[in-house]
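Chain by chain, the residues:
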Amino acid sequence: MKQKLTLFRKALRFVWQSAPGWATVNTVISVFQSFLPLALVWLIKLLIDNITSAVSSHQNVASGNIILMIIAVVIVYFLDEITTDFGNFVRNKQSMKLEAYMYGLLHAKAVRLDLINFEHPQYYDCLSRATTEAPWRPNTILNNLISMFRGLLSLILMAGLLLTLHWSIALLLVIVNIPGIWLRLHYADVLYNFRRDQTPEARKSAYFNWLLTGDRPSREIRLFGLGDYFISLFRKSFMKQKEEELEIIRKRTVIEMISDVVKALAILFLLIYIARQTVNGKLTLGQMAMFLLAFRQGMTYIKDLFSSLSSLYEDSLFIGDTFEFLDLKESVVANPPVTVPAVLEKEIAIENLSFTYPGNPQPSVSNVSFNINKGEIIALVGPNGAGKSTLVRLLTRLYDPDAGSVRYDGTDIRNMDPEHYRKLFSVVFQDFMLYNLTAGENIRLGSIDTGDGSGKAQNAAKSAGVDELLNKLPKGYNTVIGNLFDDSRELSWGEWQKIAIARALFREAPVLILDEPSSSLDADTEFEIFSRFRAIVKGRTSILITHRFTNVTLADRIVVLDKGSVVETGTHDELMRNRGMYYSMYTKQSSRFK
Ligand code: ATP
């Protein structure tokens, strides 16, 4: 219970922080609205009594207070309607602000979180629950709390009114609703546990849905004729979840219907009692109408009250997932004593570095040591799965190693703020990103904080061999590229790769890493880039990962990796003389050209 109250408090803090003004207006309107039903019931009683006495004394409508009463009823009715409409507008406005606020929190957390989280399926479960629940749950908590208090207040007022009739009627009002409360709380728990257990299955069906509707899979799905296969997988996964959920809801509905019978019996008892009292002259017609209305309204309030209570209970279960995500700890942080990284002066030293992906039996990087001197061009080569890309992720501190360290001019990079440290690197990843933005933005994203002074973006594009192509686009560098939006132009994969290289060159970071940068480049562009590689990198420390050995020869030093370990280091000539792994790979590749 204490834990749930803490969750509510945290959720309400979000509601308040996102829109304090609107939250206040919402609360005020709700409290005001809770008094209106009682006023209405009371006025109707007065109206009926006035009409009854007018009938018995043969007066007309204009006499006495009848017109006044009618006007008062209409005013209260009008107030109720207008506050309901305005209240809905306020709630919409507040929801919008809260949704934007919660997305802000989620996104800020998602982009900061350790990359290693993406290796855990539980992380996706947590992320998926948080992203579906976070934007709207806190607001539901507020609205449920408000409607609970509003219902409670109205109920107390109505029950007070019914007490003047007979204490047992007020008691009856409460007792007949008790099975309903139990039912709702119990099933809130059952449904929550069910949905939580179903998260992996729900993600699976979302994945099949993406395969069937996404752009990337669309070509293979058609070519291999996989549509029906994935439709059946989606259907199986989807129906599995829904049928089980429906079974729970079916059980709940049956019990709910039984509890409705109890309520109907209570109304029967009340009607007989009030009818007898009225016939016996103990109640006026106005009082009869008032008590009937009060009981009916009271039943509605009690139902609303308990449904907000059970929704609150459900909210408390679901909002916990959002906090679980927002509270995930980041371990790739600056460990004290914190050092602010400067431009590389001497070297980056990789010392006995080891790293195993979660769940993998073998390390992907095992006891790796070598130095990268300032201004040097290092080539990292080795067979598929040797650990080259993993090493880059450790070097750029996307992961922290299990053992060993990376020292940047002598300082362990774990003592640096990862955000500051990463500013020293520019990388073309093997799986570089395609941004559906303008061509110019695609390049400038390499260094979003710095402007495009003196045509830097164009220079980067020239170096990457893509300037001519971009100039020919309908709006030049201002053409949106990709296929997601109107007026955009799609590029070939190799053209996208050139843009990714231009983006990396635009960022004037002291260390440049290119992971398979020429895998899709045409022979001319590749030749153009790599024959001028030194001029293009302008003396920056560079790491080049490639399977194309013609490009490797330009490196000052070559590090050969195999099964996560360094097997050889040296210049091209030295390694050729060694006749080791490098020699064997090089000769195999070059023999194909002879
Ligand atoms: P390639 O030349 O094919 O790009 P690589 O040398 O860059 O290969 P890595 O991508 O570093 O190799 O992979 C090294 C090992 O780590 C491989 O055995 C691979 O299966 C494993 N591995 C890579 N990425 C992950 C990951 N995200 N989760 C788990 N294991 C991974």
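Since we're looking at a predicted model, the values are computed, not measured.

**Points about the overall build of the protein chain**
Okay, step 1: Helix and strand counts for the protein chain stand at 22 helices and twelve strands.
Okay, step 2: Relative to the compact-globule value of 25 Å for 594 residues, the protein chain shows a C-alpha radius of gyration of 36 Å, a clear excess of over 25%.
Okay, step 3: For the protein chain, the residues scored as buried account for 44% of the 594 residues in total.
Okay, step 4: The long-range fraction of contacts in the protein chain, counting pairs at least 24 apart against all pairs at least 6 apart in sequence, stands at 75%.
Okay, step 5: Side chains of the protein chain carry 65 positive and 60 negative charges; the gap between the two charge centres is 4 Å.

**Brief notes about the sheet that holds strand β5 (residues 411–412)**
Okay, step 1: Spatially, the four strands line up as an open sheet ordered β2-β1-β4-β5, and their pairing is antiparallel. Single-partner strands in this sheet number two, and they are β2 (365–373) and β5.
Okay, step 2: One ladder, built from six bridges, connects strand β1 (residues 347–355) with β2; its direction is antiparallel. Directly across from phenylalanine 355, in β2, lies its bridge partner valine 365.

**Structural notes on the nonpolar core**
Okay, step 1: Ranked by internal contacts, the top residues of the largest apolar core, which has 49 residues, are Ile141, Leu162, Leu173, Phe291, Phe295 and Phe325.
Okay, step 2: Looking at this core, the elements with two or more residues in it are α1 (2–18), α2 (20–56), α3 (66–112), α4 (121–133), α5 (137–163), α6 (167–175), α10 (227–279) and α11 (285–326).
Okay, step 3: For this core, the element with the highest residue contribution is α11, accounting for 14 residues.
Okay, step 4: If you look at the next biggest cluster of nonpolar residues, it comprises 45 residues, including Ala464, Leu491, Leu505 and Leu512.

**Details of the domain arrangement of the protein chain**
Okay, step 1: For the protein chain, the assigned domains read domain 1 (2–326), domain 2 (339–424 + 509–594) and domain 3 (433–499).
Okay, step 2: Placing a centre on the C-alpha atoms of domain 2 and another on those of domain 3 gives a separation of 27 Å.
Okay, step 3: Counting residues at the interface gives twelve residues for domain 2 and eight residues for domain 3.
Okay, step 4: When the two sides are added together, the surface that domain 2 and domain 3 hide from each other amounts to roughly 610 Å², 50% of it contributed by carbon and sulfur.
Okay, step 5: When residues of domain 2 are sorted by the area they lose upon contact with domain 3, Ser520, Leu521 and Thr525 head the list and together hold 48% of the total.
Okay, step 6: The interface formed by domain 2 and domain 3 contains one salt bridge.
Okay, step 7: Ionic pairing is found between aspartate 522 and lysine 498, a salt bridge with its closest N-O pair at 3.6 Å.
Okay, step 8: Scanning the region where domain 2 abuts domain 3 turns up three residue pairs in polar contact (both at pLDDT 80 or more).

**Concerning the site of the ligand**
Okay, step 1: For the ligand, the set of nearby residues contains 15 residues, the closest of which are Glu119, Ser364, Lys388, Ser389 and Thr390.
Okay, step 2: Alanine 386 is positioned such that a nitrogen or oxygen atom in its backbone is 3.1 Å from an oxygen atom of the ligand.
Okay, step 3: For the ligand, an oxygen atom lies 2.8 Å from a polar atom in the side chain of serine 389.
Okay, step 4: Isolated, the ligand exposes 620 Å² of accessible area, and the fraction of that covered by the protein chains is 69%.
Okay, step 5: Among the residues forming the shell around the ligand, the class breakdown is three nonpolar, nine polar and three charged.

**Brief notes about α3**
Okay, step 1: In a regular helix each residue adds 1.5 Å, so 47 residues correspond to 69 Å; α3 covers 68 Å between its end C-alpha atoms and thus fits that length.
Okay, step 2: All of the buried residues along α3 are Ile66, Met69, Val73, Val76, Thr83, Gly87, Val90, Gln94, Leu98, Met102, Leu106 and Lys109.
Okay, step 3: Buried positions along α3 lie against α1, α2, α4, α5 and α11.

The rules we used
Residues numbered from 1 in each chain as written. Predicted model: local features only at pLDDT ≥ 70, side-chain atom pairs only at ≥ 80, totals over all residues. Heavy atoms only, no water. Helix = DSSP H or I, 4+ residues; strand = E, 2+ residues; numbered from the N terminus. Rg over C-alpha atoms; globule rule 2.2 N^0.38 Å. Buried < 20%, exposed > 50% of the residue type's maximum accessible area, 1.4 Å probe, protein only. Contact = heavy atoms within 4.5 Å. Lys, Arg positive; Asp, Glu negative; His and termini not counted. Charge placed at Lys NZ, Arg CZ, Asp CG, Glu CD. Pairing = 2+ DSSP bridges. Core = buried A, V, L, I, M, F, W, Y, C linked by side-chain atoms within 4.5 Å. Domains from an automatic or database assignment. Buried area = accessible area lost by both parts, 1.4 Å probe. Salt bridge = Lys/Arg side-chain N within 4 Å of Asp/Glu carboxyl O. Polar contact = N/O pair within 3.5 Å; in protein donor to acceptor, adjacent residues only side chain to side chain. Near = heavy atom within 4 Å. Areas by Shrake-Rupley, 256 points an atom, 1.4 Å probe, with all protein chains shown as cover. Nonpolar A, V, L, I, M, F, W, Y, C, P; charged D, E, K, R; others polar. Expected span 1.5 Å × (residues − 1).

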